[in-house]
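# Remarks on the overall topology
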Amino acid sequence: SSIFGTIPEAPPDAILGLNTQYRSDPSPNKVNLGVGAYRTADGQPYVLPVVRRVEQALADDPSTTHEYLPQDGLKEFCNLSASLILGAHSPAFADRRSVTVQALSGTGALRVGFTFVARFLSPQTAVYIPKPSWSNHKNVVVQSGLPPAKEYRYFDYGTGAVDINGMVEDLTAAPAGSIVVLHGCAHNPTGADPSHEQWERVLQVVQEGGLVPFFDNAYQGFASGSLEEDAWSVRRFVDAGIDMLVGQSYAKNMGLYGERVGALTVVSSEGGNNEAILSQLKAIIRAMYSNPPKHGAMVAAAILGHAGMFAEWEEELRKMADRIRDMRQKLRGALVKNGTPGNWDHIVNQIGMFSFTGLTAAQVELMKNKYHIYMTSNGRISMAGLTEDTVEYVADAMKDAVV
Ligand code: PLP
């Protein structure tokens, strides 16, 4: 008998499993609102034209090679990524207290970051994630060798807004040195972000309690359509001069999902140890996957480093954010028009790619079984998965599910 024969099957991933079910559904009416990827007004995947152009130029350039990158990735890409999230004039650069490495998208940034925490802070470090959060956070924390993540109150199901008092209370009780995972903007899955004033309160508890923020930025530019506005929270915390980690992903904002393009930045409260920090991040990466992939980082660096292409990218981001906001209006409009009971204002008030509809797990099941509309069991729908053609169908199905 095989030594592998008794290995139990892992439970399917809540989000990725949904896509498999969707693909095998033969219904012509099926709608996928589970996927966290942008779709065009025709429901198609989107390659940003500026990305396509850079890819073509790279392919035609005889100096393009497939040589290895160093463990920490493409230097220009790292510098440009750090500037994008921290701001070109960040005090962290002036004080030389930040280190950036390329990462395998946002997930990889978290994975390397938490491994670094487990190895060099303490393997017992407590990690606090919002309740609810992106479902993969808890997996990454444990796989990185840390104890299971604890949750802090984040969302008020009654008001549909951030439960700021609960959040502050739970973080006040967290032991000094704990890591606090914060979604920089466009909180997934709730679409509810703290206001600037609420961020100030969070910063205050973090500072007073000696907590270490780990900012997860998967949607910079997608929440408001502005790269600057969406980086406000991270920059505010960096300005406060505290120790923190910052993860970045170009999956959504450049549409580079499968190319795995991201970065991890370690910001120290005082400079002086950058070389040691970088050397240890490189050592972690060396043992995990040696070095990151090159293609996507070359594409991102070309766009980030060229004023004209950067401006074009910003315009594309605004358009994508606008289409999502437009779908929010249309869905809410259709629910009001068809007389679905309840208040649906939260659909337009929420931010980012997702709407946390408030549908129960049973209602989500009905939508799937009767209407072939797929969403995660917590009632989260991807607004980018809606089109003019499907929005009324979805609203009518929601009415049936709710009444
Ligand atoms: N963090 C959050 C909050 C996310 O929503 C996502 C993607 O859905 C990620 C991280 C990681 O995505 P990726 O690894 O594709 O960059």
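Keep in mind it's a predicted model, so treat the numbers as computed, not measured.

Cut-offs applied
- Residues numbered from 1 in each chain as written.
- Predicted model: local features only at pLDDT ≥ 70, side-chain atom pairs only at ≥ 80, totals over all residues.
- UniProt positions renumbered as here; feature names shortened; annotations may be inferred.
- Helix = DSSP H or I, 4+ residues; strand = E, 2+ residues; numbered from the N terminus.
- Pairing = 2+ DSSP bridges.
- Axes fitted to C-alpha atoms, helices over the stretch in contact; angles between N-to-C directions.
- Contact = placed C-beta atoms within 7 Å.
- Parallel < 35°, antiparallel > 145°, perpendicular 65-115°, else oblique.
- Left-handed = near helix turned anticlockwise from the far one by under 90°.
- Nonpolar A, V, L, I, M, F, W, Y, C, P; charged D, E, K, R; others polar.
- Near = placed C-beta within 6 Å.
- Buried ≥ 20, exposed ≤ 12 C-beta atoms within 10 Å, placed from the backbone.

### Examining the UniProt feature "domain: Aminotransferase class I/classII large" (unreviewed entry) in the protein
Per the UniProt record, the feature "domain: Aminotransferase class I/classII large" (unreviewed entry) sits at residues 29-397. With 45% helix and 14% strand, residues 29-397 has end C-alpha atoms that lie 12 Å from one another.

### Here's the deal with the sheet that holds strand β8 (residues 212-217)
Strand order across the open sheet formed by seven strands is β2-β10-β9-β8-β7-β3-β4, with mixed pairing between neighbours. The two strands at the open ends of the sheet, each matched to only one other strand, are β2 (98-103) and β4 (150-153). Between one strand axis and the next, the sheet turns by 25° as a mean value, whatever way the strands run. Relative to β4, strand β3 (residues 127-131) runs parallel, the two being bridged by four bridges. Of the residues in β4, the one forming a bridge with K131 is R153. Across the face of the sheet, helix α7 (residues 164-172) comes into contact with β3, β4 and β7 (179-183) while running at roughly 140° to β4. Docked against the sheet, helix α11 (residues 274-289) engages β2 and β10 (262-267), running at close to 15° with respect to β2.

### Some details on the packing of helix α15 (residues 361-371) against helix α16 (residues 391-402)
Direction vectors running N to C along α15 and α16 enclose 125°, while the axes themselves pass 9 Å from each other. Between α15 and α16, the crossing angle belongs to the class labelled oblique. Of the two elements, α15 crosses α16, and the hand of that crossing is right-handed. Taking contact as the criterion, the partners of Q363, L366, M367 and Y371 in α15 are, on α16, A397, A401 and V402. Among the residues forming the contact of α15 with α16, the class breakdown is six nonpolar, one polar and no charged.

### A short note on the site of the ligand
In the vicinity of the ligand, the contacting residues are G36, S105, G106, T107, W134, H183, N188, D216, A218, S249, A251 and G262. Ranked by residues supplied to the shell around the ligand, first place goes to helix α5 (residues 105-120) with three residues.

### Some points on unusual backbone geometry
Cis geometry is found at the peptide bond from K131 to P132, where omega equals 0°. Mapped onto the elements, P132 comes out in the loop between β3 and α6 (136-143). In this structure, the amide linkage connecting N188 to the following residue, P189, adopts the cis form with an omega of 15°. Mapped onto the elements of the fold, P189 is located in the loop between β7 and α8 (196-209). A positive phi angle, near 50°, is found at R96, a position not held by glycine. Residue placement: R96 occurs in the loop between α4 (91-94) and β2. R96 sits in the exposed class, given 12 other C-beta atoms within 10 Å.

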